[in-house]
Amino acid sequence: MTIKVDVLVSGAGPVGLFFTYQLALRGHSVYCIDKKSGPTDQSRAILVTSRTMDILENKALASDILSEAYVPCGLRMFNNGNYLGKINACGDNTHFPHMTILTQEKTEEIIYERIQTETNCIIHWETELVSYTQDDQGVTSIVRDSNTKQEHEVRSAYIVGADGCHSKVRKGNPEWTYEGVAIPTKFALADLVIKGDNIEEMIHRGNMFMKGSDVMGIVPLNRLHKIDDTSYVFRIFGNLEEYHRSNQNNESATHGIVDNEYESNFTLEFLQEWVNRMTAPIKLELSNLIWSSIFRINERMANGFRKKRAFLIGDSAHCHSPAGGQGMNLGLQDADNLAWKMSDVLKNIAANPEELLDSYSAEREPHVKNTIRTTSTATQAGLMANFLANTARKVVLTSVLMVPQLAQLGFKNTMQQYVMVNPSVSNIMGISDKGLIQAGQFLPITDTLRKSIRLRHKSQCNIIQRLTLRDILIHNTSFVAVFIGTCLSSTLPNSALMEKFWKDMRAYHSKVRPIIIQSAWHNHVTGKYPDYITKEEYDLAEESFYSEEQINSPTSITQRVGLYPILSSYFASEQPPNVVLFIRPDLYIAQAKLVANEAQLEEVLKYLSSLYV
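Here, residues in each chain are numbered from 1, in the same order as that chain's written sequence. Where totals are concerned, whole chains, interfaces and linings use all residues; where local detail is concerned, this predicted model gives features only for residues with pLDDT of at least 70, and gives and counts side-chain atom pairs only at 80 or more. Only hydrogens and water are set aside when side-chain values are computed; all heavy atoms of the structure are taken into account.

A few words now on the overall build of the protein chain. Elements are defined by DSSP. Helices are runs of H or I of four residues or more, strands are runs of E of two residues or more, and each kind is numbered from the N terminus. From N to C terminus, the protein chain includes 17 helices and 26 strands. Every radius of gyration here is taken over C-alpha atoms, with the globule rule written as 2.2 Å times N^0.38, N being the number of residues. The C-alpha radius of gyration of the protein chain comes to 26 Å, within 12% of the 25 Å expected for a compact globule of 613 residues. Viewed in the frame of its principal axes, the protein chain has a C-alpha envelope of about 80 × 65 × 45 Å. Burial status across the protein chain gives 57% buried among its 613 residues. Computed by Shrake-Rupley with a 1.4 Å probe, the accessible areas treat only the displayed protein chains as cover when residues are assessed. About 25300 Å² of surface is accessible on the protein chain, with carbon and sulfur atoms providing 51% of the total. Looking at the protein chain, you have 60 positive and 67 negative side-chain charges, and the mean spots of the two groups are 3 Å apart. Buried residues are those whose accessible area, probed at 1.4 Å on protein chains only, stays under 20% of the maximum for their type, while exposed residues exceed 50% and partly exposed ones sit between those limits. Counting rule applied: Lys, Arg positive; Asp, Glu negative; His and chain ends not counted. Working definition for charges: the position is that of NZ of Lys, CZ of Arg, CG of Asp or CD of Glu.

See below:
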């Protein structure tokens, strides 16, 4: 029996499920397999960063995550039992300026539930990849039912490995390597109930305890797990041995949870002694051990995340120290980057399919390399065992905590709030004009826009609808071209150029979403369509025209894209320039360009012809 699908996904952890969900939502057939019997029943990865939450909000998943999550308001730091200070949650370009704590089992359940209720895709549990081969037209995979041992063939256009550090997709191609180093140091983690001294303070923040070369973290989990008035469930984690590195490139070395390595003395009593030593003089009482495990660290990266029709995402492509909780977040961002690109290729709308698919590896590799480097440095700096290192740790940490700006910078970096796509490595990115928002930036938070076309026959017609640009783009699956035609009240908008933008975009309406933003005082289309809109375009137009009510606000779109300073300098001009902003489906800015006349607009819109047929 041969099953034909668009994509085979090996691995149904959070990364594989998220990728599968996006492809299925876009209407593609996906055959997702995993040797597990269902979503994991272990808490495993618990941190969702600000950038990942922004991405999940773009897929309308953030609300489900927050309904189950716990949100600490920052971190408290201790050294040898002495309180050093705290780092407050912060962020100025995200709706989620905090740590979002949710067990991996819940994350997987949420995405799996969406797949079941919103798509026709079926996750094939207790099924594993045996082998695969590629040709010019597609991939032929052999998969095996773990129960019946029966094998069958799956024919797909592409195969995606989301199957962890020992990925069969990666190992199935000898061209792939997974070079790096192993960290023999043994780490431990456990979920259990804690009560005791100052427990009310501990439940509002993550807590880091340092003693010599040892580090222990104690992080509150979901408040819904509250046992009684004084007891809460926490995750504890830390190193059990002195940190050291192995120079041997042993790809079989385990990274992450070691399911078959559970020490007999790894008991509640052992954990109590460990916590007593690390948190003294604070006295804490442990009980109700829910889950615990040993884990080990590797620092590795595949030599490219694509080999023809095979792709790697998540731990199959890279692994590193868990410092900062970046692992699952990197994988979810891999999935988000690859999903829309593969979808455009499968839909046969990409002008250069190979170039678009190559951009996945090109864009993700630099960020992965930087994460491996920074997490490795942080782990070594935090765990090196000598007097000099201990002294330096205390001095540096104390200094950082004394300077709020440094503490905030560190928190924002850990929460991935500054992550960009480097245009210089991407073959699909443009270049923004000087002074405008940079290509590669994530779409910033902006003030709300007033929906311009409000028709009487629509329900709730008496309510003014105001949405941020991010709100408008939730569940968007295509590139967006935004014409920003705002201007000062003392000048006039270039209405003819707006009309030309709409008409020229007709060639791309099935592939690229057009949006036109005007200043509220110049917008005269409320309640009706502009004259140049055809009846066939009515539905599209209702979701395409918006008014900005305060263009001089610090977070207005006019300010955020860099247009307002230009408008101010053109106060004497009757028709100041406009901006055309291109936004990718993953909400990264592709480019921003100034346009003041028809020739410039035509030149700017040529960018779309490099993306779409």
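Attention now goes to the pairing of strand 13 (residues 214–220). Most of strand 13 sits out of view: 7 of its 7 residues are buried. Every second residue of strand 13 is oriented toward a common face, with Asp214, Met216, Ile218 and Pro220 on one face and Val215, Gly217 and Val219 on the other, all of them buried. If DSSP finds at least two bridges between two strands, the strands pair. Strand direction decides the pairing type here: strand 12 (residues 206–211) and strand 13, joined by 5 bridges, are antiparallel. Bridged to Asn207 within strand 13 is Ile218.

With that settled, consider helix 17 (residues 598–609). Since the α-helix packs 3.6 residues into each turn, any two residues three or four apart lie on the same face. The terminal C-alpha atoms of helix 17 lie 17 Å apart, and with 12 residues this matches the ideal 16 Å at 1.5 Å per residue to within 8%. Burial in helix 17 covers these residues: Leu601, Val604, Leu605, Tyr607 and Leu608. The arc that holds every buried residue of helix 17, seen down its axis, measures 115°, which confines them to one face. More than 90 degrees from the buried face of helix 17, the exposed residues found are Ala599, Glu603 and Lys606. Take the number of residues in a helix, subtract one, and multiply by 1.5 Å to get its expected span. In this description, the arc belongs to the directions extending from the helix axis to the C-beta atoms.

Right, let's get into the nonpolar core. A general trend in soluble globular proteins is that nonpolar side chains are found buried together. As used here, the term nonpolar core means buried Ala, Val, Leu, Ile, Met, Phe, Trp, Tyr and Cys residues forming a set that is joined through side-chain atoms within 4.5 Å. If you look at the biggest cluster of nonpolar residues, it comprises 102 residues, and the most contacted ones within it are Phe19 and Met342. With 10 residues, helix 8 (residues 327–346) is the single largest residue contributor to this core. The residues contacting Met342, other than those within four sequence positions of it, are Val7, Phe19, Tyr158, Val160, Phe311 and Leu357. Counting 43 residues, the second-largest nonpolar core is a separate cluster that includes Met208, Val215, Leu271 and Met415. Note on contacts: a residue pair is in contact if any heavy atoms of the two residues lie within 4.5 Å.

When a carboxyl oxygen of Asp or Glu is within 4 Å of a side-chain nitrogen of Lys or Arg, the pair counts as a salt bridge. Summed over all chains, the structure comprises 30 salt bridges. The residue Lys36 makes a salt bridge to Asp34 at a minimum N-O spacing of 3.1 Å. Ionic pairing is found between Asp64 and Arg114, a salt bridge with its closest N-O pair at 3.0 Å. Of the two residues, Asp64 is situated in helix 3 (residues 62–68) and Arg114 in helix 4 (residues 104–118); the sequence distance between them amounts to 50 residues. Judged by relative accessible area, Arg114 falls into the buried class, the value being 11%. Look at the salt bridges and you will find they share partners, linking Glu128, Arg144, Glu151 and Lys168 into a network.

It is worth spelling out the packing of helix 13 (residues 495–505) against helix 17 at this point. All axes here are fitted lines through C-alpha atoms, helices being fitted over the stretch that makes contact, and every angle between N-to-C directions spans 0 to 180 degrees. Where helix 13 contacts helix 17, the axes come no closer than 11 Å and their chain directions differ by 30°. With respect to each other, helix 13 and helix 17 are oriented roughly parallel. Regarding helix 13 and helix 17, the two cross each other, and that crossing is right-handed. Every residue of helix 17 that contacts helix 13 at Leu497, Lys500, Phe501, Asp504 and Met505 is listed here: Glu598, Leu601, Glu602, Leu605 and Leu608. An angle counts as roughly parallel when it lies under 35 degrees, as roughly antiparallel when it exceeds 145, as roughly perpendicular when it falls between 65 and 115, and as oblique in every other case. Two helices crossing with the near one rotated counterclockwise from the far one by less than a right angle form a left-handed crossing, whereas a clockwise rotation gives a right-handed crossing.

Right, let's talk about the state of the cysteines for a bit. When two cysteine sulfur atoms are found within 2.5 Å, that pair is recorded as a disulfide. Taken as a whole and judged by the stated rule, the model has 0 disulfides. Not part of a disulfide, Cys319 finds its nearest cysteine sulfur in Cys165, a span of 4.1 Å.

In this structure, the amide linkage connecting Ala280 to the following residue, Pro281, adopts the cis form with an omega of 10°. Considering the arrangement of structural elements, one finds Pro281 in the loop between helix 7 (268–279) and strand 16 (284–302). At Glu126, a position not held by glycine, the phi torsion is positive, near 55°. As for its placement among the helices and strands, Glu126 is situated in the loop between strand 7 (123–125) and strand 8 (127–134). A positive phi angle, near 75°, is found at Leu587, a position not held by glycine. Residue placement: Leu587 occurs in the loop between strand 25 (578–583) and strand 26 (589–595). Owing to a relative accessible area of 3%, Leu587 belongs among the buried residues under this scheme.

Spatial strand order, 21-20-24-23-22-25-26: 7 strands in an open sheet with mixed pairing. At either end of the open sheet lies a strand with only one pairing partner, and these are strand 21 (466–467) and strand 26. Bridge count between strand 22 (residues 479–484) and strand 25: 5 bridges; the pairing is antiparallel. Bridging from a neighbouring strand, Val480 pairs with Ile583 of strand 25. Against the sheet, helix 17 makes contact with strand 22, strand 23 (512–519), strand 25 and strand 26, and its axis sits at roughly 170° relative to strand 26, the strand it touches most.

Structurally, the position occupied by Leu449 is in strand 20 (residues 449–451). Given the relative accessible area of 0%, Leu449 is considered buried. Note: C-alpha distance between Leu449 and Leu467 (18 residues apart in sequence) is 5.2 Å.

Here we come to the packing of aromatic side chains. Note on aromatic pairs: the rings of Phe, Tyr and Trp (six-membered ring only in Trp) are paired at centre separations within 6.5 Å, and the planes decide the class, stacked below 30 degrees, edge-to-face beyond 60, tilted for the rest. Under the defined criterion, the tally for this structure stands at 15 aromatic pairs. With 6.1 Å between their ring centres and 50° between their planes, Phe305 and Tyr360 make a pair best called tilted. With Phe305 in the loop between strand 16 and strand 17 (306–307) and Tyr360 in helix 9 (residues 353–383), the pair connects residues that are 55 residues apart, well separated along the chain. Among the residues examined, Phe305 registers a relative accessible area of 0% and is labelled buried. Look at Phe479 and Tyr612: their rings are 6.1 Å apart centre to centre, the planes differ by 80°, and that puts the pair in the edge-to-face class. A residue pair is termed long-range when its members are at least 10 positions apart, and Phe479 in strand 22 and Tyr612 in the segment after helix 17 qualify at 133 residues. Of the two residues examined, Phe479 and Tyr612, each falls in the buried class. An aromatic cluster is present here, built from Trp340, Phe479, Phe582, Tyr607 and Tyr612 joined pairwise through their rings. Directly above the aromatic system of Tyr178 lies the positively charged group of Arg170, at a separation of 3.7 Å from the ring centroid. Lysine and arginine charges are scored as sitting over a ring when NZ or CZ, respectively, is within 6 Å of the ring centre and within 35 degrees of the ring normal. In this structure, Arg309 packs its charged tip against the face of Tyr158, placed 5.2 Å from the ring centre.

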